[in-house]
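Residue-level structure breakdown
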Amino acid sequence: DQQVKQNSPSLSVQEGRISILNCDYTNSMFDYFLWYKKYPAEGPTFLISISSIKDKNEDGRFTVFLNKSAKHLSLHIVPSQPGDSAVYFCAASAGNNDMRFGAGTRLTVKP
Amino acid sequence: NAGVMQNPRHLVRRRGQEARLRCSPMKGHSHVYWYRQLPEEGLKFMVYLQKENIIDESGMPKERFSAEFPKEGPSILRIQQVVRGDSAAYFCASSPGSGRTYEQYFGPGTRLTVT
């Protein structure tokens, strides 16, 4: 069962514009959400997270928004840079050890 | 401070052989997690270990797969009698523990190919 879904396998944006990556989840017990970034031949690296008690968390160019009623979160990257080109994974946890990952969205930022 | 290390990076095994994947956590981290990524899919949790203890193995296949994290040395994910469906990238992550299990730092992964 896929409790975390990233419905867009890929996204292409122009350098300097906004990138919006989306993630939906089904388990209402999830209380912590994370975004990871992955380059080829490397492991995922933590990018930004948000607790279910918040609806927004910002870190530099990266902002994560959480809409609990819609069970939806999004990652905004502004402005997008070519170095942001990677696969982005959304992950969610219900406070246990089992972190569920989405299938990933491949972001390409064109110069 | 060295990151999470995994070896080998690539492993080729014939059907029926055994695969051993090693993971050395970050210095000071006592919690290790193993994930598997099948082609075109996200990472799937397999097992969570602390030193000498398996805390949660709910994501591990019931047969052929085992994991350990001994008092000394790396964590080992062992797959016996591999089949083609075991071909995947296996990632290890470590965390400081003590309630900070969300802070997981990933290794570069081991890509297992079963021929």
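Residues numbered from 1 in each chain as written. Chains lettered and ligands numbered in written order. Predicted model: local features only at pLDDT ≥ 70, side-chain atom pairs only at ≥ 80, totals over all residues. Heavy atoms only, no water.

As for the overall build of chain B
The condition is simple: Secondary structure elements follow DSSP: runs of H or I of four or more residues count as helices, runs of E of two or more count as strands, with numbering from the N terminus. Atoms considered for the radius of gyration are the C-alpha atoms alone. The globule rule reads 2.2 Å times the number of residues to the power 0.38. Here's how the labels work: a residue is buried when its accessible area is under 20% of the maximum for its type, exposed when over 50%, partly exposed in between, all with a 1.4 Å probe on protein chains only. The contact rule is simple, with two residues in contact once any of their heavy atoms fall within 4.5 Å. When charges are counted, neither His nor the chain ends are considered; positive counts come from Lys and Arg and negative counts from Asp and Glu. A charged residue contributes its charge at one atom only: NZ of Lys, CZ of Arg, CG of Asp or CD of Glu.
Tallying secondary structure elements over chain B gives zero helices and eleven strands in all. Along chain B, helices and strands appear, N-terminal first, in the series β-β-β-β-β-β-β-β-β-β-β. By the compact-globule yardstick of 13 Å for 115 residues, chain B fits well, its C-alpha radius of gyration being 13 Å. Each of the three principal axes of chain B carries a C-alpha extent, and together these read 40 × 25 × 25 Å. Each of the 115 residues in chain B was classed as buried or not, and the buried ones make up 45%. Put simply, of all contacts in chain B between residues at least 6 apart along the chain, 53% involve residues at least 24 apart. When the 17 basic and 11 acidic side-chain charges of chain B are each reduced to a single mean position, those positions are 6 Å apart.

Some words on the pattern of salt bridges
Stated formally: Salt bridges are counted wherever a side-chain nitrogen of Lys or Arg sits within 4 Å of a carboxyl oxygen of Asp or Glu.
Per the stated rule, a full pass over the model turns up five salt bridges over all chains. Note that A:Asp84 is salt-bridged to A:Arg61, the shortest N-O span being 2.8 Å. You can see A:Asp84 sitting in the loop between strand E8 (72-77) and strand E9 (86-93) and its partner A:Arg61 sitting in the loop between strand E6 (56-59) and strand E7 (62-67), a full 23 residues away along the chain. Note that B:Asp86 is salt-bridged to B:Arg64, the shortest N-O span being 2.7 Å. With B:Asp86 in the loop between strand E8 (75-79) and strand E9 (88-95) and B:Arg64 in the loop between strand E6 (53-56) and strand E7 (65-68), this pair connects stretches of sequence that are 22 residues apart.

A short note on the interface of chain B and chain A
So the rule is basically this: By buried area we mean the combined loss of accessible area, with a 1.4 Å probe, across both parts when two parts are placed together. N or O atoms within 3.5 Å of each other form a polar contact, as long as, within protein, one can give a hydrogen and the other can take it, and as long as residues adjacent in sequence are counted only when both atoms are side-chain atoms. Only Asp, Glu, Lys and Arg are considered charged, only Ala, Val, Leu, Ile, Met, Phe, Trp, Tyr, Cys and Pro nonpolar, and every remaining residue, Gly among them, polar.
At the junction of the two partners, chain B supplies 18 residues and chain A supplies 18 residues. For the pairing of chain B and chain A, the buried interface totals around 1,400 Å² over both sides, and the portion due to carbon and sulfur atoms is 60%. If you sort the residues of chain B by the area they bury against chain A, B:Leu43, B:Tyr102 and B:Phe106 come out on top, with a joint share of 43%. Where chain B packs against chain A, one counts three residue pairs in polar contact (both at pLDDT 80 or more). Where the side of chain B that touches chain A is concerned, the elements lending two or more residues are strand E4 (31-37), strand E5 (43-50) and E6 of chain B. Looking at the side of chain B that touches chain A residue by residue, the class counts come to ten nonpolar, four polar and four charged.

Considerations on the sheet that holds strand E3 (residues 19-24) of chain B
All names here are of chain B. Cut-off, in case you're wondering: Paired strands, in this sense, are two strands between which DSSP finds at least two bridges. In this analysis an axis means a line fitted to C-alpha atoms, helices contributing only their contacting stretch, and an angle means the value between N-to-C directions, from 0 to 180 degrees.
As summarised here, the arrangement of the four strands in space is E1-E3-E8-E7, forming an open sheet in which the pairing is antiparallel. The open sheet has two edge strands, strand E1 (5-7) and E7, and neither has a second partner. For this sheet, the mean angle separating the axes of adjacent strands, direction not counted, is 15°. Where E3 lies against E8, five bridges are found, and the strand directions are antiparallel. Following the sheet pairing, Ala-19 is matched in E8 by Ile-79.

With respect to a nonpolar patch on the surface
Filter applied, for reference: Patch membership requires over 30% relative accessible area and the absence of a salt bridge. Like charges are linked within 9 Å, and nonpolar side chains (Val, Leu, Ile, Met, Phe, Trp, Tyr) within 5 Å. Note that accessible areas follow from Shrake-Rupley with a 1.4 Å probe, and for residues the cover is restricted to the protein chains shown.
On the surface, A:Ile18, A:Ile20 and A:Val78 cluster together to form a nonpolar patch covering roughly 220 Å² of accessible area. Positionally, A:Ile20 belongs in strand E3 (residues 19-25).

These figures come from the coordinates and say nothing about function on their own.
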